Amino acid sequence: MERFRGRPLVLVFYLGAGCPHCIEQLKTFAPLREKYEQAGLTVIAISTDSVDGLQKTFQVAGAGDAI
């Protein structure tokens, strides 16, 4: 995506709400997102989940917002 060109990114790949390890990973990153952004890093979580699956993942991970 053009808006991320030339910017440092942290990519987090995960399977979805059905993966306990993935949820733990997202729970670790979610509260740190603001600190990463202050450091000039954008955190992007990538999954093969459907839109409904993503919403469930956010709820289970307690992310509130998309990561």
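What comes next concerns the included structure. Predicted model only: the values in this text are computed from it and were never measured.

Calculation criteria
Residues numbered from 1 in each chain as written. Predicted model: local features only at pLDDT ≥ 70, side-chain atom pairs only at ≥ 80, totals over all residues. Heavy atoms only, no water. Helix = DSSP H or I, 4+ residues; strand = E, 2+ residues; numbered from the N terminus. Buried < 20%, exposed > 50% of the residue type's maximum accessible area, 1.4 Å probe, protein only. Salt bridge = Lys/Arg side-chain N within 4 Å of Asp/Glu carboxyl O. Arc of directions from axis to C-beta. Core = buried A, V, L, I, M, F, W, Y, C linked by side-chain atoms within 4.5 Å. Contact = heavy atoms within 4.5 Å.

1. Overview of the environment of Ile23
Considering the arrangement of structural elements, one finds Ile23 in helix α1 (residues 20-29). What makes Ile23 buried here is its relative accessible area of 7%.

2. Section: the pattern of salt bridges
Considering all chains together, one arrives at two salt bridges under this definition. Between Arg33 and Glu37 there is a salt bridge; the shortest N-O distance is 3.9 Å. Of the two residues, Arg33 and Glu37 both sit in helix α2 (residues 33-38), four residues apart, roughly one turn of that helix.

3. Here's the deal with helix α3 (residues 51-61)
Listed in full, the buried residues belonging to α3 are Gly53, Thr57, Phe58 and Ala61. Down the axis of α3, the smallest arc covering the buried residues is 140 degrees, so these residues share one side. Within α3, the exposed residues directed more than 90 degrees away from the buried face are Val51, Asp52, Lys56 and Gln59.

4. Here's the deal with the nonpolar core
Membership of the largest hydrophobic core is limited to 10 residues, which are Val10, Val12, Tyr14, Cys19, Cys22, Ile23, Leu26, Phe29, Val43 and Ala61. Contributing elements (two or more residues each) for this core: β1 (9-13) and α1. Among the elements that take part in this core, α1 stands out by supplying four residues, more than any other. Beyond its immediate chain neighbours, meaning those up to four positions away, Val12 contacts Gln25, Leu26, Phe29, Val43, Ile44, Ala45 and Ile46.

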